[in-house]
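A structural walkthrough
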Amino acid sequence: GLASRSTRRRAVAAFGQPIANTLLHVLDAAGLAAPVGASGELYIGGDGLVAGLPDTTSFRTGDLARLRSNGQIENLGRTDDRFTHLGRLLDPALIERVLLQHPQVAQATVLGTENAAGEGSITAYVVPKSAPTNEGEWILGLRQSVAVLLPVYLAPASYEIRDALPRTADGQPDRGAVRGTSRNKSSAQPSGDIEVRLAKIWTSMLGVQSVNGGDNFFELGGHSLLAARMLTQVEKVFGKRVKLAALFLAPTLQELAQLLSQEHTREFDFRQVVKIQPNGSKRPLIAINNTGIYYGLAKLLGAEQPVYSLQLFDPSVAHAALPSTLEEIAAGYVDLIRRVQPQGPYDLMGWCVAGALAFEIGRQLSEANQQVGHLFLMDSWAPGYLSRLSRPRALIADYSLRWKLILADWRHVLSGEKTLGAFFSQRKLVGKLQRLLTRSKASAAAPASDDFANLETYDAWLLDYLQKVTAHYSTKSYSGKVTLLRSRLEPFGWFFPADAGWAAVAPAGVEVLFVDGNHYTMFQDLGARQMADHVARVLGYQAATPAA
């Protein structure tokens, strides 16, 4: 939450009584004791401040306060521009300096704000050097640039464009006057067919009378369930599908309209850093690839657990030369992670073949003397596991895997969950999963420029590419502990150990935790809640929605 709240809400916040041998004073502008009930600045002094020193000096705290008749000291906020957000006292000037580094930003002011639900956030008010042709696209570009330069807890949640920002007599930003300013109403209203039709959907879903172009869906009261319903309606009206993860990068009416205006709106999110859950006071949990599949898990972990997903490869850019080894790919992710979070400890997670990538990323971070707090692998097998078995055991394991996957699918046919046609059409999936455990002789050649022009081809390309480089990866030992989350329906026994082969390369230990569902449904319903319970317990807290 934020310290800069209304007087009514601040009335319940008090500093309480000072600790032993410490004195608290509320002084007025003249440095005299403020009367009971009058506001002043809080000073602190006494032996409890610095051991062994008498109360010859009292220090300014920068907190605005007043003395109650019962002796309690009431907190009224700050006397300076700093504000408290997510348990941290932040200086807006630090964020403003980053905003002003952008070549298209002329002025910037940052404030701690609250949405209608009383949840704290950071709002950036910016003045462009020249009027942008498309404001939604302009803000989206600024948001992406800032996300790379600032840690998640410092990145503004919303941006508002202003024609000018109020200044004090000495030319400094007048932050106190910014809240009362607004742009010309006509320029902030929805403009163009897409924004107007989108605004009708928002007003209907959110129960508000009107929305402006810069309004943020989540700050207007939107949440994950409403977002899913809203995007379903968007698909019906516009005939274009927008992924939930993309809404976190384009949460305003203008930004979402900009995505919808693109000729080829893609369902996947191609940005390197996707803040699935942007807020929270805890250490961020960093997911490797597969942005969308982590969405439900992120929500179940609660509002205090930041979760963001990293994708190194931009599908809109043709790559002339791609890394040919998993080590090279991991090194690129390490560089990206260090830009997002400069210092450890790092908490990482990866699903399926991305689990092997997360493992190598964790290993490289450890080698660079960066602490890896937790490494979560979801239904991921240690690369080359079968190759470390004797030939007879490898053959038995190979055919055992195929048979168990077929049996698991056949059970779905018998229960009516899957048609016979779907059963036969998905036999290719068995081959894909099989390649996770075997060594392929196929090369990891760079794709043609149009190989990932849409969602289906990009996802297929990325999976195939990672499988090929992983098949040639010689797994090295990792010094930290591994937490393996396994679906109950994945192969087990007959040379398929519970630890999925990771114990051989993780001597510190592998904790195996089982989750209901198969390789995919473990991220849904009961499986997702169980997974959230496991992850939260390992991280040291309780999930937002515990499994029954």
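Residues numbered from 1 in each chain as written. Predicted model: local features only at pLDDT ≥ 70, side-chain atom pairs only at ≥ 80, totals over all residues. Heavy atoms only, no water.

All right, on to the nonpolar core then. Formed by 44 residues in total, the largest nonpolar core has its most connected members in Ile 329, Leu 348, Ile 361 and Trp 502. At the level of elements, strand E11 (285–288), strand E12 (307–310), helix H11 (326–340), strand E13 (346–351), helix H12 (353–367), strand E14 (372–378), helix H16 (455–471) and strand E15 (482–487) are the ones that each hand at least two residues to this core. Beyond its immediate chain neighbours, meaning those up to four positions away, Ile 329 contacts Leu 312, Phe 313, Pro 323, Leu 357, Tyr 465, Leu 466 and Val 469. Counting residues in hydrophobic clusters, the runner-up holds 30 residues, among them Val 274, Ala 298, Leu 513 and Val 538. (Core = buried A, V, L, I, M, F, W, Y, C linked by side-chain atoms within 4.5 Å. Buried < 20%, exposed > 50% of the residue type's maximum accessible area, 1.4 Å probe, protein only. Helix = DSSP H or I, 4+ residues; strand = E, 2+ residues; numbered from the N terminus. Contact = heavy atoms within 4.5 Å.)

For the pair H11 and H12, the least separation of the axes is 9 Å and the interaxial angle reads 65°. Between H11 and H12, the angle falls in the class roughly perpendicular. For H11 against H12, the interelement crossing comes out right-handed. Here H11 contributes Leu 326, Glu 327, Ile 329, Ala 330, Ala 331, Tyr 333, Val 334, Ile 337 and Arg 338 to the contact with H12, which in turn contributes Ala 356, Leu 357, Glu 360, Ile 361, Gln 364 and Leu 365. Of the residues assigned to the contact of H11 with H12, the class counts are eleven nonpolar, one polar and three charged. (Axes fitted to C-alpha atoms, helices over the stretch in contact; angles between N-to-C directions. Parallel < 35°, antiparallel > 145°, perpendicular 65-115°, else oblique. Left-handed = near helix turned anticlockwise from the far one by under 90°. Nonpolar A, V, L, I, M, F, W, Y, C, P; charged D, E, K, R; others polar.)

In this section: the pattern of salt bridges. If the charged atoms of two oppositely charged side chains come close together, the side chains can form a pair. This structure, assessed with the given rule, holds eleven salt bridges. A salt bridge links Arg 197 to Asp 193; the nearest nitrogen and oxygen atoms lie 3.0 Å apart. Highlighted residues: Arg 197 and Asp 193, both in helix H6 (residues 192–206), separated by four residues, approximately one helical turn. Exposure remark for Arg 197: the relative accessible area of 31% places this residue in the partly exposed category. When the shortest N-O distance is used, the salt bridge between Lys 468 and Asp 464 registers 2.8 Å. Residue Lys 468 and its partner Asp 464 are located together in helix H16, separated by four residues, close to a single helical turn. (Salt bridge = Lys/Arg side-chain N within 4 Å of Asp/Glu carboxyl O.)

In this section: the sheet that holds E15. Spatially, E10-E12-E11-E13-E14-E15-E16 is the arrangement adopted by the seven strands of the open sheet, whose pairing is mixed. For this open sheet the edge positions go to strand E10 (273–277) and strand E16 (510–515), each flanked by a neighbour on one side alone. Taking the axes of each pair of neighbouring strands and ignoring which way they run, one obtains an average angle of 25° across the sheet. Its contacts with the sheet place H11 against E10, E11, E12 and E13, and it is angled at close to 145° to E12. Helix-sheet contacts for H12 involve E11, E13, E14 and E15, and the interaxial angle to E13 is about 155°. (Pairing = 2+ DSSP bridges.)

Bringing helix H17 (residues 525–539) into the picture now. With 15 residues, H17 extends 21 Å between its outermost C-alpha atoms, agreeing within 8% with the 21 Å of an ideal straight helix rising 1.5 Å per residue. Taken residue by residue, H17 has Gly 527, Ala 528, Gln 530, Met 531, Ala 532, His 534, Val 535, Ala 536, Val 538 and Leu 539 as its buried positions. Here the buried face of H17 lies against E11, helix H10 (295–300), E13, E14, E15 and E16. A positive phi of about 100° marks Gly 540, the residue just after H17. (Expected span 1.5 Å × (residues − 1).)

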